[in-house]
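# Observations on the three-dimensional arrangement
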Amino acid sequence: MFRPGRLTLMTAAAAATIAAAAPALAGYGQPSPWQLGLQEAVTPVFHQAHAFHNFVLIIITVITLFVLALLVYCVVRFREDKNPVPSKTTHHTLLEVAWTVIPVLILVVIAVPSFRLLYAQYSPPPADLTIKVVGRQWNWDVVYPDANAVTVTQMMLQKDEIEDGQPYTLAVDNVAVVPVNKVVKVDVTAEDVIHAFTIPSFGVKVDAIPGRLNQTWFKAEREGVYYGQCSELCGFAHAFMPIAIQVVSEETYKKWLEAAKGDVEKAKDVLKQAAAEKAKDSAKVLDASPASVASR
Ligand SMILES: [Cu+2]
């Protein structure tokens, strides 16, 4: 017997399981093999987008299975040999009102968190710093207008330039650096054709249009390197103009910016030093842990 109540519950449970498993398979700042779902969120807006995505996934799964069940029921129950003389009934007022009103209510339920997310995306809190991103065939420039217009020119690393752990076609020679937990306003434009600036883990995607200034913002809550790619088909090397933004502590950011004012290339040493210190600190923590003491 068809029991819609139980089926709906089971569907919702299955959808929730898939939604919960997805982040475990996705990476921070870059795609991972066999990834399911979106990249891990590191900004408040993208956390919200994740929640909205999972919510809509449950609704869409329930609707799809409901329609499938209706179809199967009709095909089986009203097949020719079971039902040789079809009913000529048309119109059923209550049913017609129901299949109009219920979808409207579902759309209203979806619209509320959808508009809330849109509002969050387009109403940034006051910015702590501004960067300007310029797309061109075939690279990105990240400019720091408040710091002597320091310009970080990012070029994709070729296969033989890739170092350990760097993702090919995403890694660049110069990463742009921003501080953690700060509101970063991003002015986006282009020099030649339309490009699009995207960092999936930040939940930002905005067109870079010559002669126009678009804006977006993010507040990264976690240190790390976050990659994106040009997301507007802009020409033959469109697939080879990645974006890389490194989120660091405020202290490291300040040191990096100071060094970058002189030489962007040399400022990389600040990042290397910070990474080495971090590795040393975490080694110390590991060394002092009960497990490592016990193993001595
Ligand atoms: Cu492009």
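Residues numbered from 1 in each chain as written. Predicted model: local features only at pLDDT ≥ 70, side-chain atom pairs only at ≥ 80, totals over all residues.

The criterion, for reference: UniProt positions are given in the numbering used here, feature names are shortened, and annotations may be inferred rather than shown by experiment.
The protein chain goes by Cytochrome c oxidase subunit 2 in an unreviewed UniProt entry, where it is assigned to Chenggangzhangella methanolivorans. The record held by UniProt for the protein chain lists under Sequence similarities (unreviewed entry) the comment "Belongs to the cytochrome c oxidase subunit 2 family."

## Focus on the overall build of the protein chain
Put simply, the test is: Each helix is a run of H or I in the DSSP string that is no shorter than four residues. Each strand is a run of E no shorter than two, and both are numbered from the N terminus. With C-beta atoms placed from the backbone, the exposure class of a residue follows from how many other C-beta atoms lie within 10 Å of its own: 20 or more, buried; 12 or fewer, exposed; in between, partly exposed.
A count of helical and extended segments in the protein chain gives six helices and 10 strands. Scored against the burial criterion, the 296 residues of the protein chain give a buried share of 26%.

## So, the sheet that holds strand E3 (residues 150-154)
Spelled out, the test is: For two strands to be treated as a pair, DSSP must find at least two bridges joining them. Here an angle of 0 to 180 degrees is reported between the N-to-C directions of two axes, which are lines fitted to C-alpha atoms, with helices fitted over the stretch in contact.
The five strands lie next to each other as E3-E2-E1-E5-E8, forming an open sheet whose pairing is mixed. Of all the strands in the sheet, the pair left with one neighbour each is E3 and strand E8 (214-218). Looking at each pair of strands side by side, their axes are set apart by 25 degrees on average, direction ignored. Inspection of the sheet shows strand E1 (residues 129-136) paired to strand E2 (residues 139-144) by five bridges, in the antiparallel sense. Within E2, the residue paired with Lys 132 across the bridge is Val 143.

## Description of helix H3 (residues 93-122)
Stated precisely, the cut-off is as follows: The span one expects for a helix is its residue count, reduced by one, times 1.5 Å. What we call the bend at a residue is the angle made by axes fitted to the seven residues finishing there and the seven residues starting there.
The end-to-end C-alpha separation of H3 is 43 Å, in line with the 44 Å expected for 30 residues at 1.5 Å each. At Ala 111, H3 shows its maximal kink, close to 25 degrees; a proline, Pro 113, follows between one and four residues later.

## As for the packing of helix H2 (residues 44-77) against H3
Put simply, the rule reads: When an angle is under 35 degrees it counts as roughly parallel; over 145 it counts as roughly antiparallel; between 65 and 115 it counts as roughly perpendicular; any other value is oblique. By definition, turning the near helix anticlockwise from the far helix through less than a right angle yields a left-handed crossing, and turning it clockwise yields a right-handed one. Residues are scored as being in contact if the C-beta atoms we place from backbone atoms lie within 7 Å. Ten residue types, Ala, Val, Leu, Ile, Met, Phe, Trp, Tyr, Cys and Pro, are classed as nonpolar, four, Asp, Glu, Lys and Arg, as charged, and the remainder, Gly among them, as polar.
At a minimum axis separation of 10 Å, H2 and H3 run at an interaxial angle of 165 degrees. Looking at the two axes, H2 sits roughly antiparallel to H3. Seen from above, H2 lies across H3 with left-handed handedness. The segment H2 lies against H3, with Val 45, Gln 48, Ala 49, Phe 52, Phe 55, Val 56 and Ile 59 engaging Ile 106, Ile 110, Pro 113, Ser 114, Leu 117, Ala 120 and Gln 121. Here the contact of H2 with H3 is composed, by residue class, of 11 nonpolar, three polar and no charged.

## Considering the sheet that holds strand E9 (residues 224-229)
As summarised here, the arrangement of the three strands in space is E4-E10-E9, forming an open sheet in which the pairing is mixed. The two strands at the open ends of the sheet, each matched to only one other strand, are strand E4 (176-179) and E9. Across the sheet, the axes of successive neighbouring strands diverge by a mean angle of 30 degrees, strand direction being ignored. In this sheet, strand E10 (residues 242-248) lies alongside E9 in antiparallel orientation, the contact comprising six bridges. Looking at E10, one finds that Gly 224 is bridged to Val 247. Together, E4 and E10 form the strand contacts of helix H4 (residues 250-262), whose direction differs from that of E4 by roughly 140 degrees.

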